[in-house]
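Reading the structure
So the chains spell out like this:
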Amino acid sequence: MLNKLFGETQSEHGRVIYPILFTILLTSTTFFFFDYRTVHIFGNELHFSVGLIFFPLTFSISNMMQYRYGMLFANTAVRYGFLGDLLFVGIAWLLSHLGERQDYLSVYRELPTIMTLTFFFVWLSNAINFKLFSIMNGKVHHFFSFFVSCLIAECSVSFISVPLMMYQNHLNSSQFLSIAFIVGYKVVATLVLSSVMAVMISLREKQSNSSLKIKNY
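Reference entry: report on the structure contained in this document. Counting restarts for each chain, with residues numbered from 1 along the sequence as it is written. Reporting of local features is limited, given that this is a predicted model, to residues whose pLDDT is at least 70; pairs of side-chain atoms are given and counted only at 80 or more, and all residues count toward the totals for whole chains, interfaces and linings. The side-chain values count all of the structure's non-hydrogen atoms but skip hydrogen atoms and water molecules.

1. Thoughts on the pattern of salt bridges
If the charged atoms of two oppositely charged side chains come close together, the side chains can form a pair. Let me state the cut-off plainly: Just to be clear on terms, a salt bridge is a Lys or Arg side-chain nitrogen sitting within 4 Å of an Asp or Glu carboxyl oxygen. For each residue, the accessible area found with a 1.4 Å probe, counting protein chains only, is set against the maximum for its type, and the residue is called buried under 20%, exposed over 50%, and partly exposed in between. Strands here mean DSSP runs of E at least two residues long; helices mean DSSP runs of H or I at least four residues long; both are numbered from the N terminus.
Overall, the coordinates contain two salt bridges when judged by the stated rule. A salt bridge links Arg101 to Asp103, with the shortest nitrogen-to-oxygen separation between them at 2.5 Å. Of the residues examined, Asp103 reaches a relative accessible area of 38% and is grouped as partly exposed. Note that Lys186 and Glu154 form a salt bridge whose closest N and O atoms lie 3.0 Å from each other. In this pair, Lys186 sits in helix α8 (residues 175-216) while Glu154 sits in helix α7 (residues 142-168), placing the two residues 32 residues apart along the sequence. Owing to a relative accessible area of 0%, Lys186 belongs among the buried residues under this scheme. With relative accessibility at 1%, the residue Glu154 sits in the buried group.

2. A closer look at empty space enclosed by the protein
Stated precisely, the cut-off is as follows: With a 1 Å grid laid over protein atoms only, a set of points is called a cavity when a 1.4 Å probe fits there but cannot get out and a pocket when it is open yet has protein on both sides within 12 Å along at least five of seven lines; lining residues have an atom within 4 Å of a point. Grid points are joined across faces, edges and corners, and a volume is the space filled by probe spheres set on the points. Under this grouping Gly is polar, as are all residues other than the nonpolar Ala, Val, Leu, Ile, Met, Phe, Trp, Tyr, Cys and Pro and the charged Asp, Glu, Lys and Arg.
For the coordinates displayed, the defined rule picks out one cavity of 30 Å³ or more. Reported here for the largest cavity is a volume of approximately 120 Å³. Together, 13 residues line the largest cavity, and Thr29, Phe33, Phe55, Thr118 and Phe121 are the ones closest to its centre. Of all the elements in the fold, those that place two or more residues in the lining of the largest cavity are α2 (14-32), α6 (111-136) and α7. Per element, the largest residue contribution to the lining of the largest cavity is five residues, and it comes from α6. Of the residues that constitute the lining of the largest cavity, the class distribution is nine nonpolar, four polar and no charged.

What follows is the structure in structure tokens.
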């Protein structure tokens, strides 16, 4: 159906889908990082940045790009993903200042600050993630190479970004519990995503081996 609507495309869709999905998720995190949701657990107020809900996916996607297409491709995709994020943010910030609606301005005026923080977070987290993944890839099971590299990168960012989010929103209660709650969420999310990625790779390898056996036969 898609071929009839848009025409024929190349069979290798990952080179296009992964960078686009990475950019979309990174941009959504940038726009909604300072927005938060407060949940009450055992009488404690825990504050969760809604921009972090889909953020664990970015690390799994970058590792999948590195696994399938190499470090050079993954680094290039992350670099232009950040530039795409910067372009979206810059356009939104500019248009919010040109228009007269104050509700748009109240939302987008924080974007330069978030963009500066995003640059630092993207650089730090991906440097950690790529380095750990390249060290473990091929030496341990696919699940562990994805899980360990993503989790350490996630946690290293959370201990910096979450206090900044709470400070910006004047949230002074349950800071350590909020960090623990967010890290716990990321552990579960990374566990699920790493399992999915490992299964995808295993199925792909089995399919490749089966095709190779048929060809040799």
